[in-house]
Amino acid sequence: MSRSDNAWYSHLKHLNEKPWWIAALISWGIALFEYLIQVPANRIGNTEMNLGQLKILQEVITLTVFVPFVVFYMDQPLKLDYLWAALCILGAVYFVFRS
């Protein structure tokens, strides 16, 4: 998975009977793994993009992973609101990447 956001939510399905601190430790472990990849990627990306572009790209990647995660793994219904949100993100991509 690309983002630790999924770690923050997957504990709701599999660790809801465990104490909260166990879910927190597992989530933090997954987040650490993500940041070990994200920090070098941002340093490399910063040579080609500005911070606004990096952040929007990061959100696009997050939603690309998060929406299927929510629908298929967490068994949440696919909503039309996801389409509207995707169009808003697409607009953000356009505005931060236009020359």
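Values in this document were obtained by computation on a predicted structure and should not be read as measured data. (Residues numbered from 1 in each chain as written. Predicted model: local features only at pLDDT ≥ 70, side-chain atom pairs only at ≥ 80, totals over all residues. Heavy atoms only, no water.)

**A word on the overall build of the protein chain**
Then comes step 1: Across its full length, the protein chain carries four helices and zero strands.
Then comes step 2: Out of the 99 residues in the protein chain, the part that is buried amounts to 23%.
Then comes step 3: Long-range contacts, defined here as pairs at least 24 residues apart, represent 63% of the contacts in the protein chain between residues at least 6 apart. (Helix = DSSP H or I, 4+ residues; strand = E, 2+ residues; numbered from the N terminus. Buried < 20%, exposed > 50% of the residue type's maximum accessible area, 1.4 Å probe, protein only. Contact = heavy atoms within 4.5 Å.)

**Thoughts on the pattern of salt bridges**
Then comes step 1: Summed over the entire model, instances satisfying the criterion amount to one salt bridge.
Then comes step 2: For Glu 59, the salt bridge identified is with Lys 55, shortest N-O distance 2.9 Å. Taken together, the positions of Glu 59 and Lys 55, both in helix α3 (residues 51-73) and four residues apart, correspond to about one turn of that helix. (Salt bridge = Lys/Arg side-chain N within 4 Å of Asp/Glu carboxyl O.)

**Quick notes on α3**
Then comes step 1: Compared with an ideal rise of 1.5 Å per residue, which puts 23 residues at 33 Å, α3 spans 32 Å between its outermost C-alpha atoms and is within 8% of the ideal.
Then comes step 2: Regarding α3, the residues found buried are Gln 53, Leu 54, Ile 56, Gln 58, Thr 62, Phe 66, Phe 69, Val 70 and Val 71.
Then comes step 3: For α3, the capping residue at the N-terminal end is Asn 50, with a side-chain oxygen 3.0 Å from the backbone nitrogen of Gly 52.
Then comes step 4: Trailing α3 by a residue or two, Asp 75 shows a phi angle of about 60°, which is positive. (Expected span 1.5 Å × (residues − 1). Polar contact = N/O pair within 3.5 Å; in protein donor to acceptor, adjacent residues only side chain to side chain.)

**Considerations on a nonpolar patch on the surface**
Then comes step 1: Nonpolar side chains collect at one region of the surface, where Leu 80, Leu 83, Trp 84, Leu 87 and Leu 90 lie side by side and expose about 520 Å² of accessible area between them.
Then comes step 2: Residue placement: Leu 87 occurs in helix α4 (residues 80-97).
Then comes step 3: The exposure class assigned to Leu 87 is partly exposed, which follows from its relative accessible area of 45%. (Patch = residues over 30% accessible without salt bridge, like charges linked within 9 Å, V, L, I, M, F, W, Y side chains within 5 Å. Areas by Shrake-Rupley, 256 points an atom, 1.4 Å probe, with all protein chains shown as cover.)

**Describing the environment of Pro 68**
Then comes step 1: Examined against the element boundaries, Pro 68 turns out to sit in helix α3.
Then comes step 2: Separated by ten residues in the primary sequence, Pro 68 and Leu 78 place their C-alpha atoms 8.9 Å from one another.
Then comes step 3: The contacts of Pro 68, once residues within four sequence positions are left out, are Leu 63 and Tyr 73.

**Thoughts on the confidence of the model for the protein chain**
Parts of the prediction with low pLDDT should not have their coordinates interpreted in detail.
Then comes step 1: For the protein chain, mean pLDDT is 83; residues scoring 70 or higher make up 89% of the total.
Then comes step 2: When mean pLDDT is taken per element in the protein chain, α4 scores highest with 92 and helix α1 (residues 5-14) scores lowest with 64. (pLDDT = per-residue confidence, 0-100.)

**Considering the packing of aromatic side chains**
Between two aromatic rings, the relevant description is the distance of the centres plus the angle of the planes.
Then comes step 1: Applying the stated rule across the entire model yields three aromatic pairs.
Then comes step 2: For the ring pair Phe 69 and Tyr 73, a centre distance of 5.1 Å and an interplane angle of 25° mean the geometry is stacked. Separated by four residues within a single helix, Phe 69 and Tyr 73 lie in helix α3, roughly one turn from each other.
Then comes step 3: Look at Phe 69 and you get buried, because its relative accessible area is 5%.
Then comes step 4: Judged by relative accessible area, which is 30%, Tyr 73 ranks as partly exposed.
Then comes step 5: Their ring planes at 75° and their centres at 5.1 Å tell us that Tyr 94 and Phe 95 sit as a pair that is edge-to-face.
Then comes step 6: Put simply, the rings of Phe 66, Phe 69 and Tyr 73 touch in pairs and so form one group of aromatic residues. (Phe/Tyr/Trp six-rings, centres within 6.5 Å; stacked < 30°, edge-to-face > 60°.)

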